[in-house]
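Here are the chains, one letter per residue:
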Amino acid sequence: MVKKEDVDFNNLGFDYLNLPYRYQAIYRDGDWQEEGLLTDNEMHISEAATALHYGQADFEGLKAYRTKSGQIQLFRPEENAHRMQKSCARLLMPQVSTKMFVDAVKSVVRANADFVPPYGNGATLYLRPIMIGVGDTLGVHPASEYIFRIFAVPVGNYFKGGLTPTNFTTSQYDRAAHKGTGQNKVGGNYAASLMPGEQAHQNGYSDCVYLDPIEHKKIEEVGSANFFGITKDNVFVTPKSDSILPSVTKYSLLYLAANNLGMQTKEGDVFIDQLDQFTEAGACGTAAVISPIGALEHEGNVHVFYSETEVGPVTQKLYELLTGIQFGDIEGPKGWILPV
Ligand code: PLP
Ligand code: COI
């Protein structure tokens, strides 16, 4: 187990640390039994667990933020609860109520409060709720028992550059099928993205940008974040597709761009052969926050957006607004911030 004094809060990446406490509940005989906070970071499960064989597993990702005055707050945790409910419904797993989800998140943050990074450099405490099918099941059927667990890890940047742009590449592979599970945060989507993601890394790119699984003509999303572009006319554009994850960050940016920055916004088709319309582009998500995309490689052509070394002005503004709200420096829309 890691000790607070061993954590270098100024140089965090996105790596697992075994913190003192995690929360767990077990679903058995049709009901959740809360075990509460546990110290053991390992789980003892059946070799016949459906999560291991058939991918009956989903997860969430959200963050706790330390404000300037030292308080701790969450950003729209109910949205993560709702999305997990949808992921669970898709995989025939039992749902966790929004209250149980949010209370459990808060309990993990409070128990590990020493590990919420200090205000000032963008580091946060990342919360990872998971649900897995456990128990003994051999045939392809949903499990009879489930574990809902939430652990926490202090994190810094997901993509190395932070607010410095990095480059991405399209992939010839799909992470999710048309009418598959792309809109749910299920483990299988990420399993499918491991090989393309590693190939992208080996070629010097931060991650893949996936194209639509029907024709490979439209941008879908990044393997770990949604995509957005800013057009020459200052419109915030982001793909609309049933096979991408509905990103809490993306919907927050759509709202803030329209209501705080007076921009036009559009959720629609983003054709890979029409990138010239964009003056800026980025990846957005809880882990990614807003990560500017310097250039996007597609079938040997490299398209540079604003710059490969400098963040564009609109992306910068969106970043300051979003993180300002998340860290409590700017008042956000009603209900977005929940004190812990
Ligand atoms: N798309 C994918 C594939 C993701 O893994 C994530 C991360 O959660 C996102 C998008 C961004 O979603 P959110 O903003 O809710 O974190
Ligand atoms: C998140 O942003 O919370 C994610 O889940 C992205 C990635 C780490 C899988």
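Computed from a prediction, not measured in an experiment: that's the story for all the values here.

Looking now at the confidence of the model for the protein. With 100% of its residues at a pLDDT of 70 or more, the protein has an overall mean of 97. Interface confidence in the predicted complex, given as ipTM, is 0.98; pTM for the same model is 0.97.

As a matter of local geometry, ligand 1 sits amid G61, E221, S224, A225, N226, L245, S247, V248, T249, K250, G285 and T286. In terms of residues, the shell around ligand 1 owes the most to one element, helix α5 (residues 248-259), which gives three residues. Across the shell around ligand 1, the residue classes tally to three nonpolar, seven polar and two charged.

The next subject is the packing of α5 against helix α6 (residues 313-326). It is the contact of α5 with α6, at a shortest axis distance of 11 Å, that shows an interaxial angle of 110 degrees. Put simply, α5 runs roughly perpendicular to α6. The hand of the α5/α6 crossing is right-handed. The segment α5 lies against α6, with S252, L253, L256 and A257 engaging L318, L321 and L322. Class assignment for the residues of the contact of α5 with α6 results in six nonpolar, one polar and no charged.

Here we take up the pairing of strand β8 (residues 166-170). As paired elements, β8 and strand β15 (residues 289-298) share three bridges and run parallel to each other. Pairing of T169 across the sheet is with E297, part of β15. Sheet topology note: the β8/strand β9 (residues 208-211) ladder contains two bridges and is parallel. Within β9, the residue paired with T169 across the bridge is C208.

Conventions adopted
- Starting from 1, residues in each chain are numbered consecutively following that chain's sequence as written.
- Here the convention is simple: chains get letters from A, ligands get numbers from 1, in the order in which they are written.
- Given that the model is predicted, a residue must reach a pLDDT of at least 70 before its local features are reported, and side-chain atom pairs must reach 80 or more before they are shown or counted; all residues, however, enter totals for whole chains, interfaces and linings.
- Residue-level confidence of the predictor is what pLDDT reports, using numbers from 0 through 100.
- Using the backbone to place each C-beta atom, any residue with that atom within 6 Å of a molecule or strand is considered near it.
- The way it works is that DSSP assigns letters per residue, a run of H or I at least four long becomes a helix, a run of E at least two long becomes a strand, and they are numbered from the N terminus.
- By the convention adopted, Pro, Cys, Tyr, Trp, Phe, Met, Ile, Leu, Val and Ala count as nonpolar, Lys, Arg, Asp and Glu as charged, and the other residues, Gly among them, as polar.
- Throughout, an axis means a line fitted to C-alpha atoms (over the contacting stretch in the case of helices), and angles, computed between N-to-C directions, take values from 0 to 180 degrees.
- Here the word oblique covers every angle except those under 35 degrees (roughly parallel), over 145 (roughly antiparallel) and from 65 to 115 (roughly perpendicular).
- Definitions for this section: a left-handed crossing has its near helix turned counterclockwise from the far helix by less than a right angle. A right-handed crossing has that turn clockwise.
- Contact between two residues is assigned when their C-beta atoms, built from the backbone, lie within 7 Å.
- A strand pair is defined by DSSP finding two or more bridges across the two strands.

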